[in-house]
Amino acid sequence: MARKARRTNKLGVISKFMLLANGCAVIALLLSYLAPVVNPMGFWPIAFFGIAYLPLLVVNILFIIYWLIRRIPYAGISLIAILVGWNTFNKHFGFSARVPADTMTAPDSAAIRLMTYNVHFFRTFEAQNNAPAIKDEIMQVIDSVSPDVVCIQEYYTRQRGKHRMSKAFKEDVGLPYRVVFPAAQNEYEAYGLAIFSKYPILESGHLPDHQYGVNRVVYADINKNGKVFRVYNVHLRSIGFQKEDYDFIKRPAKIIEEDAASTRRIGSRLKQAFRARSGQAESLKAHSNACRVPFIIAGDFNDTPLSYAVNQVSSGMQNAFLEKGRGWGVTYNGDFPNFQIDYILASKEFSIQWYQIVKKKLSDHYPVWADVVL
């Protein structure tokens, strides 16, 4: 009788395979927890596990469901791994209250409402099928939030005429003060980063190290009613995917050789971007640590919450999403799998009141805003 029971409790071939696969998924998930603390300059492979956290989480949840059906005790393998990284899950999903409607229309006068928005060059002002120009729709979204300060990445403007964006920000949105840091310009047009403000800008500058075209860090010191604070506008190194990379991501390759080549190319670009962002993050951290006034760091980090760059910069700061975020913190809506890559971080002198991701798909990023009180 006991011999029969032992035979019944043995795992079958399929279950043994599933147990092995479950073990690999757990190890990969645990390795993803190391991504925020392992510098890609020293050991870059860990960064790939960090960017794969959400798919790995889903896989482990599926294993829990499988074992609950087949062998309940084995469900604990993935469950324990997920619970070990519960703080990691909180970086991706917020449980805070919804922003009240009256707060949207009448913000606290003591608060600074800051928005960050990668506008994708305003899609170069193109309008399709007699629809309003993307530029106009983006400006309407900004105006509806009524921010005090806006950090714009991938800013684009014509130097004169109706598409001179500084005029639009002043007259249409009520942000008369500005600093624009062009990555390139000529007599006809310019593009780069910009900071617009309702309040006077006292000083401005940029971090000279680790600049990659439009991927750089700039800052402005702003005076609101006698209180001076600094705003860093961040656009860390992009991955630099080309059309063939996005085509490969969206559809399976038909030929194994092409598949392998595409995988190597994408992997190489990710590796280079991880390492470049590492240098930019450390440079930004050193510069902000030397800042003598309260400061806010906002922008497009091009990296997930479980990354070395984000963890390095946000260390010792308040993350507006962690404090007041609600639901999945997805801020990117382009062709690459969607993640949270845009952030608003505030030094300890601030308190976070509200945070919101505006789900308007006009750029490949959603605009993000937060109310902070100094």
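> I would appreciate a short explanation of the environment of valine 218 in the present structure.
Along the chain, the position of valine 218 falls in strand 7 (residues 217–224). Judged by its relative accessible area of 0%, valine 218 falls in the buried class. C-alpha separation for the pair valine 218 and valine 234, spaced 16 residues apart in sequence, amounts to 6.7 Å. Each residue touching valine 218, except ones within four places of it in the same chain, is listed here: Phe181, Leu193, Ile195, Gly205, His206, Val231, Tyr232 and Asn233.

> I keep staring at the packing of helix 4 (residues 53–70) against helix 5 (residues 75–84) and nothing clicks. Help me out?
The packing of two helices is summarised by the inter-axis angle and the distance between the axes. Axis separation between helix 4 and helix 5 bottoms out at 7 Å; the angle between their running directions is 150°. Viewed along their axes, helix 4 and helix 5 adopt a mutual orientation that is roughly antiparallel. In this structure, the crossing between helix 4 and helix 5 has a hand that is left-handed. Judged by residue contacts, Leu57, Asn60, Ile61, Phe63, Ile64, Trp67 and Leu68 of helix 4 engage Ala75, Ser78, Leu79 and Ile82 from helix 5. For the contact of helix 4 with helix 5, a count of residues per class yields nine nonpolar, two polar and no charged.

> What exactly am I supposed to notice about the pattern of salt bridges here?
Working definition: two side chains of opposite charge can pair if their charged atoms are close together. All told, the structure shown has five salt bridges when counted by the stated rule. We note a salt bridge from arginine 113 to aspartate 371, for which the minimum N-O separation is 2.7 Å. With arginine 113 in strand 2 (residues 111–118) and aspartate 371 in strand 14 (residues 368–373), this pair connects stretches of sequence that are 258 residues apart. Its relative accessible area of 1% is what places arginine 113 among the buried residues. With a relative accessible area of 0%, aspartate 371 lands in the buried category. The closest approach of N and O atoms between aspartate 221 and arginine 230, which form a salt bridge, is 2.6 Å. Accessibility classification places aspartate 221 together with arginine 230 in one group, the buried group.

> Please explain the sheet that holds strand 13 (residues 351–357) as it appears in this structure.
Each strand in a sheet pairs with its neighbour through backbone hydrogen bonds, running either in the same direction (parallel) or in the opposite one (antiparallel). Strands sit in the order 4-5-3-2-14-13 across an open sheet of six strands; the sheet is mixed. The outermost strands of the open sheet, each flanked by one partner alone, are strand 4 (177–185) and strand 13. For this sheet the average axis-to-axis angle between neighbouring strands, irrespective of direction, equals 25°. In the sheet, strand 2 pairs with strand 3 (residues 149–158) via five bridges, with the strands oriented parallel. In the sheet register, threonine 116 faces strand 3, and the bridge partner there is cysteine 151. On top of the sheet, helix 8 (residues 134–145) reaches strand 2, strand 3 and strand 14; it is set at about 160° to strand 2, its chief contact.

> Could you clarify how one ought to interpret the confidence of the model for the chain in this entry?
Detailed reading of predicted coordinates is not advised where the pLDDT is low. For the chain, the mean per-residue pLDDT works out to 88, and 88% of the residues sit at or above 70. Here helix 10 (residues 243–250) stands out as the least confident element of the chain, with mean pLDDT 40; strand 12 (residues 342–346) is the most confident, with 98. In the model, residues 1–8 has pLDDT below 50 throughout and makes one contact with residues more than four positions away in sequence or in other chains. Contacts of residues 252–256 to residues separated by more than four positions or lying in other chains number three contacts, the stretch itself having pLDDT below 50.

> Would you mind showing me how to read the nonpolar core here?
Across soluble globular proteins, nonpolar side chains show a tendency to be buried alongside one another. Ranked by internal contacts, the top residues of the largest apolar core, which has 29 residues, are Val149, Phe229 and Ile344. The contacts of valine 149, once residues within four sequence positions are left out, are Ile112, Arg113, Leu114, Met115, Ile195, Phe196, Ser197, Ile222, Phe229 and Val231. Tyr117, Val119, Ala194 and Phe196 belong to the second largest nonpolar core, which has 26 residues in total.

Calculation notes
Residues numbered from 1 in each chain as written. Predicted model: local features only at pLDDT ≥ 70, side-chain atom pairs only at ≥ 80, totals over all residues. Heavy atoms only, no water. Helix = DSSP H or I, 4+ residues; strand = E, 2+ residues; numbered from the N terminus. Buried < 20%, exposed > 50% of the residue type's maximum accessible area, 1.4 Å probe, protein only. Contact = heavy atoms within 4.5 Å. Axes fitted to C-alpha atoms, helices over the stretch in contact; angles between N-to-C directions. Parallel < 35°, antiparallel > 145°, perpendicular 65-115°, else oblique. Left-handed = near helix turned anticlockwise from the far one by under 90°. Nonpolar A, V, L, I, M, F, W, Y, C, P; charged D, E, K, R; others polar. Salt bridge = Lys/Arg side-chain N within 4 Å of Asp/Glu carboxyl O. Pairing = 2+ DSSP bridges. pLDDT = per-residue confidence, 0-100. Core = buried A, V, L, I, M, F, W, Y, C linked by side-chain atoms within 4.5 Å.

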